[in-house]
Amino acid sequence: MSEVTVASRYAKSLIDLAQEQNIVDAVKADMDLFLHTLKGSSELAAVLANPIISQAKKISILEAVFNNKVTKVSILFFKLMINKGRGGVLYFTAQEYINLFNVKRNITKAKVTSATTLSDTNKKTLVDELQKAIGGTVVLDTKVDPALIGGFVLNVGDRQVDTSIAASLKKMKKEFAEKA
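Within every chain, residues take consecutive numbers counted from 1 along the sequence as written. At least 70 in pLDDT is required for a residue's local features to be given in this predicted model, at least 80 for side-chain atom pairs to be given and counted, and no such filter applies to totals for whole chains, interfaces and linings, which use all residues. To obtain the side-chain values, all non-hydrogen atoms of the structure were used and water was disregarded.

Caption draft 1: Region of the structure containing the side chain of T93. Helix and strand assignments come from DSSP, with helices taken as H or I runs of at least 4 residues and strands as E runs of at least 2, each series counted from the N terminus. With respect to the helices and strands, the residue T93 is situated in helix α6 (residues 90-104). Residue classification places T93 among the buried positions, given a relative accessible area of 1%. Only protein chains enter the accessibility calculation, which uses a 1.4 Å probe; a residue is then buried when its area is under 20% of its type maximum, exposed when over 50%, and partly exposed in between.

Caption draft 2: Layout of the sheet that holds strand β2 (residues 137-144). Overall, mixed pairing links the 4 strands, which are arranged β2-β1-β3-β4 in an open sheet. Whereas interior strands pair on both sides, the edge strands pair on one side only; in this sheet they are β2 and β4 (159-162). Pairs of neighbouring strands in the sheet enclose a mean axial angle of 15°, with direction left out of account. For two strands to be treated as a pair, DSSP must find at least two bridges joining them. Sheet topology note: the strand β1 (residues 107-114)/strand β3 (residues 152-156) ladder contains 5 bridges and is antiparallel. Its bridge partner lying in β3, T113 is registered against V153. With respect to the sheet, helix α7 (residues 120-134) is in contact with β1, β2 and β3, its orientation differing from that of β2 by roughly 140°. Each axis is a line fitted through C-alpha atoms, taken for helices only over the stretch in contact, and angles between the N-to-C directions span 0 to 180 degrees. The contact definition used throughout considers only heavy atoms, calling two residues in contact when any of these lie within 4.5 Å.

Caption draft 3: Structural detail: the environment of K58. Position of K58 relative to the elements: it lies in helix α4 (residues 55-66). Taking the C-alpha atoms as reference points, K58 and L90, 32 residues apart in sequence, are found 12 Å from one another. Leaving out residues up to four positions away in the same chain, K58 has contacts with V47, L48, N50, P51, I53 and I82. Here a polar contact is taken to be a pair of N or O atoms separated by no more than 3.5 Å, where protein atoms must pair a possible hydrogen donor with a possible acceptor and residues adjacent in sequence count only if both atoms sit in side chains. For K58, the side chain forms a polar contact with the main-chain oxygen of L48, separated by 3.2 Å.

Caption draft 4: Fine view of the pattern of salt bridges. Salt bridge, as applied in this entry: a Lys or Arg side-chain nitrogen positioned within 4 Å of an Asp or Glu carboxyl oxygen. Inspection of every chain in the model, using the stated rule, returns 6 salt bridges. A salt bridge links K28 to D32; its shortest N-O distance comes to 2.8 Å. On the criterion of helical spacing, the pair formed by K28 and D32 is a turn pair, its members being 4 residues apart in helix α2 (residues 24-40). Residue class for D32 comes out partly exposed when judged on its relative accessible area of 31%. In this structure, the salt-bridge partner of E129 is K132, at a minimum N-O distance of 3.5 Å. Of this pair, E129 and K132 both sit in helix α7, 3 residues apart, which is roughly one turn of that helix. For E129, a relative accessible area of 45% puts it in the partly exposed group.

Caption draft 5: The arrangement of the nonpolar core in detail. Side-chain atoms within 4.5 Å are what join buried Ala, Val, Leu, Ile, Met, Phe, Trp, Tyr and Cys residues into a set we call a nonpolar core. Ranked by internal contacts, the top residues of the largest apolar core, which has 30 residues, are F34, F78, L90 and Y97. For this core, the elements supplying multiple residues, two or more each, are α1 (3-20), α2, α3 (42-49), α4, α5 (72-83) and α6. In this structure, L90 is in contact with F34, L48, L62, F77, F78, M81 and I82, ignoring residues within four places of it in sequence. Ranked by size, the runner-up nonpolar core spans 9 residues in total, among them A110, V112, L118 and V127.

Caption draft 6: Quick look at the environment of E96. Mapped onto the elements, E96 comes out in helix α6. Excluding its chain neighbours within four sequence positions, the residues that come into contact with E96 are A7, S8 and A11.

Caption draft 7: Layout of the packing of α1 against α6. Where α1 meets α6, the axes come as close as 8 Å, and the angle between the chain directions of the two elements is 55°. When the axes of α1 and α6 are compared, the pair comes out oblique. In this structure, α1 crosses over α6, and the sense of that crossing is right-handed. For the pair formed by α1 and α6, the contact residues are E3, A7, S8, Y10, A11, K12, L14, I15, A18 and Q19 on the first element and F92, T93, E96, Y97, L100, F101 and K104 on the second. In what follows, roughly perpendicular refers to angles from 65 to 115 degrees, roughly parallel to angles under 35, roughly antiparallel to angles over 145, and oblique to any angle outside these ranges. With the far helix as reference, a near helix turned anticlockwise by less than a right angle produces a left-handed crossing, and one turned clockwise produces a right-handed crossing.

Shown next, in the form of structure tokens:
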């Protein structure tokens, strides 16, 4: 079974448990903290994925790092995953929990890459237009890439809108090459 499938099943169970206990938001914050910590510590990620390191050692490390910082449910969930030999998929499970949380709350993540930094007015306009088009709440992640020359590239889910000058120039170059 793939890591994503396993992670998805565990995340679904965790979100169901969190709903029963009315702590969905708190567990989401825990998963955010967990992901942020793993991204900042490749050693911790390596320890969790290493089958040679004992389960007890992994649990004690997780408790030392996250005790009093996350809910009891999250700590117990981490322990369960380690005891089941699923330490290597904890990262993917946390990501999947956040994805499920976003679906339940009707939150859509969008990413815009622009040639220059977008003004706050442009960001707000873009978010407002996206919210009208797709409904729900839109969380916008911005990035600057001067190679675009001008315009922007917007990614929402599996859709992409590329209005960059670089893409237009590339398309024109291809058309000229085909005609020549």
